[in-house]
Amino acid sequence: MRGQDEAVLFWDGVSVFYGACRAVDNVSLTVRAGEVVALTGPNGSGKSTLLRVAAGVCQLDAGRVWIHGRERKSDPRAYARQVGWSPQQSGLYEELTVEENLRLFGRLQGLYGSRLHQNVQRILDQFGLGPRRRQRVGTLSGGWKQRVNVAAALVHSPPVVLLDEPTSGLDGESRDRLLVDISRLREQGCSIVLATHQTEEVAAVADRVVQMHNGRLLEPCTDGFSASASRQRVMLWGQLRCHPPRFVLRLVRQRIPDDVNLELIGKRLRLCADSPETLGHALAELLREGVAFESYRMVAHRVTR
Amino acid sequence: MISHGRILYALIIKDWLLFWSDRRTFFFSFLVPVILASAFGLVFERPAPGTASYPRLPVSVVVEDSGPFTEAMVRELLVSPHLQAQQVDRATAMVAVRRHRVPVAIIIPEGFEHAATQRKSLWERPKSESRPQLELLYDASRRGEAEWASGILAEILLKQLCSQQLSPWMSADWQSWLPFQVVTVPVAYHSQSRFNTYTHSFCGMTLQYLLFWGMESGLLFLRERRGAVWWRLRAVAAPLKTLVAAKVLTTAGVGCLQVLVTFTFGWLVFRVTIDGSLVGFVLICLAMCLLAAATGLLVAAWGNVEGHARNISIVVILSVSMLGGLWLPAFLLPEWVREVAMVLPTTWAMQGLSAVTWQGAPFRTVLPEFAGVCAFSFLLFLLAVGRLHYLEKRSV
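What counts and how
Residues numbered from 1 in each chain as written. Chains lettered and ligands numbered in written order. Predicted model: local features only at pLDDT ≥ 70, side-chain atom pairs only at ≥ 80, totals over all residues. Heavy atoms only, no water. Helix = DSSP H or I, 4+ residues; strand = E, 2+ residues; numbered from the N terminus. Buried < 20%, exposed > 50% of the residue type's maximum accessible area, 1.4 Å probe, protein only. Contact = heavy atoms within 4.5 Å. Areas by Shrake-Rupley, 256 points an atom, 1.4 Å probe, with all protein chains shown as cover. Pairing = 2+ DSSP bridges. Right-handed = clockwise from strand over helix to strand, strands pointing away. pLDDT = per-residue confidence, 0-100. Axes fitted to C-alpha atoms, helices over the stretch in contact; angles between N-to-C directions. Buried area = accessible area lost by both parts, 1.4 Å probe. Nonpolar A, V, L, I, M, F, W, Y, C, P; charged D, E, K, R; others polar. Phe/Tyr/Trp six-rings, centres within 6.5 Å; stacked < 30°, edge-to-face > 60°. Lys, Arg positive; Asp, Glu negative; His and termini not counted. Salt bridge = Lys/Arg side-chain N within 4 Å of Asp/Glu carboxyl O. Polar contact = N/O pair within 3.5 Å; in protein donor to acceptor, adjacent residues only side chain to side chain. Patch = residues over 30% accessible without salt bridge, like charges linked within 9 Å, V, L, I, M, F, W, Y side chains within 5 Å. Expected span 1.5 Å × (residues − 1). Arc of directions from axis to C-beta. Core = buried A, V, L, I, M, F, W, Y, C linked by side-chain atoms within 4.5 Å. Left-handed = near helix turned anticlockwise from the far one by under 90°.

Caption draft 1: Seen up close, the overall build of chain A. If you tally the helices and strands in chain A, you get nine helices and 13 strands. When burial is assessed residue by residue, chain A has 57% of its 305 residues classed as buried. Counted over contacts in chain A with a minimum sequence separation of 6, partners at least 24 positions apart contribute 73%. Summed over its atoms, the accessible surface of chain A is roughly 12600 Å², and 47% of this surface lies on carbon and sulfur atoms.

Rendered as structure tokens:
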């Protein structure tokens, strides 16, 4: 993990009230450079509000939020440049095309000319949106719309990305594609905070899982790594040469331990396990059955419970 | 560092793209006003007085008496340039009036000849019991035409009486013996100006559909304000004043384009001209575009559910359009309605537009109308922005 000692985003004793309702209650949390933090919890636990606070669209009743040591009120636009926020509902103009939406949010973040063009092109390529660039957002499927929703938050290359329920309402394939995109962002050095209900899914890409309940962190992790409450997970992403037959996968699943999670999305394979040994065992089983890899990479990450 | 100008530019580009991407709004902003203005102009177009196609009042003439005086009068009725008279019997006339085929039937009763010719001079007062009754049967829904026919009948009757009583001294050209002449003079700022129904309908429909465009723009703003996209805009630190300024500039800009398109079409096809001050016309149009933008902001600020906001806005816009004389000239409305309508911006805008188009008014003459429309726009703008600020404080 690159530069993980550097605290990028810091909520310091943040409280938010909606009338008499306490949405976020004295929350302190640090996100380090290149770290992926998953905020989980039931509905109304304050996940989205915490993200909205960091995005600068929700007034604080107490506490402060810093990004790279800068508060929003001191320089709102410089602060906004540091953050890419993807709201839970599609924050896009459905009547405009994918490219027009990306260009709009790029312009609003101060990009113009060749830089705007390059960034939009990069994001279109990165999210596989090139063929759909001239399609109106309103005509896209839910999965593609959500990808554009996330892409619009990243067009200005922010160091901090806030994703509110990015996988909600998506089918398995779309969800996995989006998780792959998130993994790529982490590789690029982005600090990512995800709010989600689906702990198991995001555990594969998150370095830490932080649970919230009634506006509070169940285990306040101001230092970011509470060793007693965390466990190491390892993950392997592989690109296969061809799609293996179903019976091969069924056979491998029978042979590998229960804690190993094996998923196949097209020609992309994901293995997730508690230890490198178990993962190695699963990989060996796959190779023995003739599954040919074009490329693969392993990622270690930590889950806070 | 991102300047306000860049954010404003990005937002204007966005609103412009949204406008062009919405075919329905495009259709209602450019095509519908042109179609309706053309239709209104065509329906209400009247040829100039004195021309062959000038409309004449259709009447049925029923003659139940005979004699030279009656015959002369009937002849006059049948050749009158104001009437399209046809001689029929009473039953046919009744059916024609009842079935709305003619608005008026003139009945010349039995004994009319005797009563009209028994007097020896014009100064002899007739006995009331000996006066015959000339009947005017009229369609109950068209009293105006009955009054019109009554006036023409009185003119022809007096002419015949004068000819008969003063025949030794008066030639057939009896009007040349009158000690005065009646001439009709149209009053406008420009000596050549004539009322043109197309000019009126293009002014009215342009103004009405500017307000409808303002409403559509406001509803778009309302949708943005109530959706996640609003928070995304706020997350990029776009201040409320910049968002409002972008909306005003786009709405007014599209409004200017709308005015240009409709008046260019009117000029090319129906000879709708600006006989007065061009500067005055431009100023009035700019004020109208600002009024449309302020209307849109008002809808966005005070609207809640889009459907409700749309329904209420349509009713209000149609009402102020009708009362402001955008559909039909204001002189057709009752006096009290015209007085009440002075509190509406549409009345001021329409007065200004009429003045600089067909009335040929100079620039200074329309300054009060320009100031009036600007004042109304400013008032609506204040109401809208005040409300948006209140909502902003409450929601953040």
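Now that the structure has been shown, we can carry on.
Caption draft 2: Spotlight on the pairing of strand β6 (residues 160-164) of chain A. Residues and elements named next belong to chain A. Within β6, five of the five residues are buried, which leaves the element mostly enclosed by the surrounding structure. Residues V160, L162 and D164 of β6 are buried on one face, and the alternating residues V161 and L163, pointing to the opposite face, are buried as well. Bridge analysis of strand β5 (residues 83-86) against β6 gives four bridges, and the strand direction is parallel. Paired with V83 across the strands is V160, a residue of β6. Here β6 pairs with strand β7 (residues 191-196) via five bridges, running parallel. Of the residues in β7, the one forming a bridge with V160 is S191. As a crossover connection, the stretch from β6 through helix α6 (residues 172-187) into β7 is right-handed.

Caption draft 3: How the structure looks around the confidence of the model for chain A. Residues and elements named next belong to chain A. On average, chain A scores 82 in pLDDT, and the residues at 70 or more come to 89%. Ranking the elements of chain A by mean pLDDT puts strand β13 (residues 293-304) last, at 66, and helix α3 (residues 98-108) first, at 95. Across residues 220-230, confidence stays below pLDDT 50; counting only partners more than four residues off in sequence or on other chains, it has 21 contacts.

Caption draft 4: Molecular detail of the sheet that holds strand β8 (residues 208-213) of chain A. Residue and element names in this part refer to chain A. Across the sheet, which stays open at both edges, the six strands sit in the order β5-β6-β7-β3-β8-β9 with mixed pairing between neighbours. Either end of the sheet is taken by a strand with one partner, and the two such strands are β5 and β9 (216-217). Most of the contacts of α6 go to β7, to which it runs at about 150°, and overall it touches β3 (36-40), β6 and β7.

Caption draft 5: Highlighting the interface of chain B and chain A. At the interface, 26 residues of chain B touch 31 residues of chain A. Roughly 2700 Å² is buried in total at the junction of chain B and chain A, and carbon and sulfur atoms are behind 65% of that figure. Of all the secondary-structure elements, those providing two or more residues to the side of chain B that touches chain A are α1 (4-21), α7 (197-226) and α8 (228-235) of chain B. With eleven residues, α1 of chain B is the single largest residue contributor to the side of chain B that touches chain A. Residue composition of the side of chain B that touches chain A, grouped by class: 17 nonpolar, three polar and six charged.

Caption draft 6: Inspection of the sheet that holds strand β4 (residues 62-67) of chain A at higher detail. All names here are of chain A. The sheet built from three strands is open, its strands ordered β2-β1-β4 with antiparallel pairing. Only two strands of the sheet have a single partner each, and these edge strands are β2 (21-32) and β4. Strand-to-strand, the axes of this sheet are offset by a mean angle of 15°, without reference to chain direction. Across five bridges, strand β1 (residues 7-18) lies against β4 in antiparallel orientation. The residue of β4 that forms the bridge with D12 is R64. Sheet contacts for helix α1 (residues 47-55): β1, β2 and β4; angle to β1, the most-contacted strand, approximately 115°.

Caption draft 7: The packing of aromatic side chains, seen in detail. All names here are of chain B. The full count for this structure, using the stated rule, is 19 aromatic pairs over all chains. Centre to centre, the rings of F19 and F30 are 6.0 Å apart; their planes meet at 80°, and the pair counts as edge-to-face. With a gap of eleven residues between them, F19 in helix α1 and F30 in helix α2 (residues 23-44) connect regions that are remote in the sequence. By the burial criterion, F19 is buried, and F30 matches it. A centroid spacing of 5.4 Å and a plane angle of 45° characterise the contact between W20 and F26, whose relative ring orientation is tilted.

Caption draft 8: Geometry of the side chain of D164 of chain A. All names here are of chain A. Relative to the elements of secondary structure, D164 occurs in strand β6. It is R52 that comes nearest to the buried, bridge-free D164 among opposite-charge side chains, at 6.7 Å. Looking at D164, its side chain comes within polar contact range of the side chain of S48, at 2.9 Å. If near-sequence neighbours (up to four positions away) are discounted, D164 is found in contact with S48, L51, S86, P87, Q88 and A195.

Caption draft 9: Examining a nonpolar patch on the surface more closely. A surface patch of nonpolar side chains, amounting to about 490 Å² of accessible area, comprises V43, F44, L328, F331 and L332 of chain B. Here V43 of chain B is to be found in helix α2.

Caption draft 10: Examining helix α9 (residues 276-288) of chain A more closely. Residue and element names in this part refer to chain A. Here α9 contains 13 residues, and its C-alpha end-to-end distance of 18 Å stays within 8% of the 18 Å for a straight helix at 1.5 Å per residue. For α9, the full list of buried residues reads T278, L279, A282, L283, E285 and L286. Seen end-on, α9 carries its buried residues on one side only, within an arc spanning 155°. Facing away from the buried side of α9, by more than 90 degrees, are the exposed residues E277 and R288.

Caption draft 11: Focus on the confidence of the model for chain B. Residue and element names in this part refer to chain B. With 90% of its residues at a pLDDT of 70 or more, chain B shows a mean pLDDT of 87. Element-level pLDDT for chain B is lowest in helix α5 (residues 112-117), with a mean of 80, against a maximum mean of 95 in helix α10 (residues 278-302). As a predicted assembly, this complex carries a pTM of 0.76 together with an ipTM value of 0.72.

Caption draft 12: Looking closely at the nonpolar core. All names here are of chain A. Among the nonpolar cores identified, the biggest contains 96 residues, and L9, W11, L102, F105, L108, L162 and I192 are the most heavily contacted of them. Of the residues forming this core, the biggest block, six residues, is contributed by helix α5 (residues 142-154). Sequence-distant contacts of W11, defined by excluding residues within four places in its chain, comprise V27, S28, L29, V31, L50, V53, A54, R64, V65 and V193.

Caption draft 13: A look at the packing of α7 of chain B against helix α13 (residues 345-356) of chain B. Residues and elements named next belong to chain B. Running from amino to carboxyl end, α7 crosses α13 at an angle of 145°, the nearest separation of the two axes being 10 Å. Judged by the twist between their axes, the crossing of α7 over α13 is right-handed. Across from H200, C203, G204, L207 and L211 in α7, the residues of α13 making contact are T346, A349, M350 and L353. Considering only residue class, the contact of α7 with α13 consists of six nonpolar, three polar and no charged.

Caption draft 14: Just the pattern of salt bridges, in detail. The full count for this structure, using the stated rule, is 29 salt bridges over all chains. For the salt bridge of R22 of chain A with D25 of chain A, the shortest nitrogen-to-oxygen distance reads 2.9 Å. E224 of chain B is the partner of K247 of chain B in a salt bridge, and the nearest nitrogen-oxygen pair spans 3.3 Å. With K247 of chain B in helix α9 (residues 240-270) and E224 of chain B in helix α7, this residue pair connects regions lying 23 residues apart in the sequence. Residue classification places E224 of chain B among the buried positions, given a relative accessible area of 4%. Connected through shared salt-bridge partners, R24, E216, R223, E306 and R310 of chain B make up one network.

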